[in-house]
Amino acid sequence: MPSLFSSPAVIFSLAALLRVGLLFYGLYQDNNSPMKYTDIDYLVFTDASRFMSQGQSPYLRDTYRYTPLLAWLLLPTTWQPAWLWFSFGKVLFAVADLVAGWLLLLVLRTEYPSMTEPSRLRYASIWLLNPMVATISTRGSSEGLLGVLVIALLWAVLNRRIVLAGLLLGFGVHFKIYPFIYAPSVIWSLSPSPSQHKSNSKPKSLFTILTTFLTPARITLTAVSLLTFIALNLWMYAVYGYPFLQHTYLHHLTRIDHRHNFSPYNTLLYLSSAAESQQDGLHLESLAFIPQLVLSTLAIPLILAKRSLPGAMLAQTFAFVAFNKVCTSQYFLWYLVFLPLYLPSSSFLKSPILGITALVLWVVSQVLWLHQAFQLEFLGISTFVPGLWVATLVFYLVNCWILGVIIADVGGNSTHTTELLGKKRE
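Residues numbered from 1 in each chain as written. Predicted model: local features only at pLDDT ≥ 70, side-chain atom pairs only at ≥ 80, totals over all residues. Heavy atoms only, no water.

We now examine the environment of Ser 225. With respect to the helices and strands, Ser 225 occurs in helix H13 (residues 216-240). Sequence spacing of Ser 225 and Gly 166 is 59 residues, and the spatial spacing of their C-alpha atoms is 4.2 Å. Apart from residues lying up to four places away in sequence, Ser 225 is in contact with Gly 166, Leu 169 and Gly 170. There is a polar contact of 3.0 Å between the side chain of Ser 225 and the backbone oxygen of Thr 222. (Helix = DSSP H or I, 4+ residues; strand = E, 2+ residues; numbered from the N terminus. Contact = heavy atoms within 4.5 Å. Polar contact = N/O pair within 3.5 Å; in protein donor to acceptor, adjacent residues only side chain to side chain.)

Counting 113 residues, the largest nonpolar core has Tyr 64, Leu 70, Ile 151, Phe 332, Phe 338 and Ile 406 as its most contacted members. When residues in this core are grouped by element, the largest group, 13 residues, is from helix H8 (residues 143-158). The residues touching Phe 332, leaving out its near neighbours within four places in the chain, are Met 132, Phe 262, Val 321, Cys 327, Trp 362, Gln 366 and Phe 395. (Core = buried A, V, L, I, M, F, W, Y, C linked by side-chain atoms within 4.5 Å. Buried < 20%, exposed > 50% of the residue type's maximum accessible area, 1.4 Å probe, protein only.)

Counting through the fold element by element, Phe 24 comes out in helix H1 (residues 8-32). As for Phe 24 and Thr 138, which are separated by 114 residues in sequence, their C-alpha atoms are 9.4 Å apart.

Count 3.6 residues to each turn of an α-helix, and residues three or four apart come out pointing the same way. With 14 residues, helix H17 (residues 309-322) should cover 20 Å at 1.5 Å per step; its first-to-last C-alpha distance of 20 Å lies within 8% of that length. Most of H17 is tucked away, with 14 of its 14 residues classed as buried. Measuring from the backbone nitrogen of Gly 311 back to the side-chain oxygen at the start of H17 gives 3.1 Å, which picks out Ser 308 as the cap. (Expected span 1.5 Å × (residues − 1).)

Structural data, given as structure tokens:
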């Protein structure tokens, strides 16, 4: 009897059916339950598209904090009849999930050439058949589009498509700021050719070190990504002016999102959201980006990028989300998309007890937090201290422990990415 994972067509068909089923279930729940299936963010997206269809700015919609390109993509949601076209964006995001899964399969073929195709499909199914991934996209979250961009970037780098990688990196950072963290890892992983490493034992001058580092691939990727990012921003600024800069970029420096926020800064953000508190000057949570960026854009790339680029990108993303002052469930997709590429050589699979423990703790700590948040936000019961505060710290510590395991795993790998890029160079 053929295995379920014997054919990509079977897995992708099941993944598509899962999303179609959730889309129809979402329509039913929206029409029959006071608890709506559709994410509030999707209403923000579609409202912005409606303003745009009328020749106005998408930023007329309060809380639209994204590039206008997203509202452009969702312009079909403004077409008539509304019952047919309103869910266009959800379908688009669900299709993006499938495209990200296909790209994961391509990267698995590159990273694990000796692995059987059924095994690769099993790992890709961690994303494709994941109910959490499918639910978030079909509710109307755009994170699936980011999954496509970052995995396409990874594939392009591993296959030495440097210009394409630069275009994807520049576009990805414009579309959603956080992919900028991958730039150091990508650049550091593009090691010079083996011949450039060969030298005598004499100490190298600063000029020699610099010229060795500035390879054509690194220069090309940096230039193309910067030009792409700058060109898109100039274009959007020319059309929408200062509101584009304020809502797409500057807002994130001072944002205070205290609802549905798993971050350990959650309680501080609640306090800072009070009008009186906002007049007190600099707040502690305003400095959250320092440890976050030091870890995700400096320490992890330097330590891990030459050992395994997929592993480094996973660790970067996990650290960025765990240490971010705003952390919602949609952000989990940012690192879950890398999981199929990390797990084949991870300690979590080598030691099933460790893997099960990590999964249980990650889920249970979320449930503990959600229970406290539900009481606070829906029942009006003050659970700030100790309930919500303790639950937040528990989830944070669980994430720190998992991150430590990931870094130890990737740091212990051989320099697989460097060898792979060297072969592509030849």
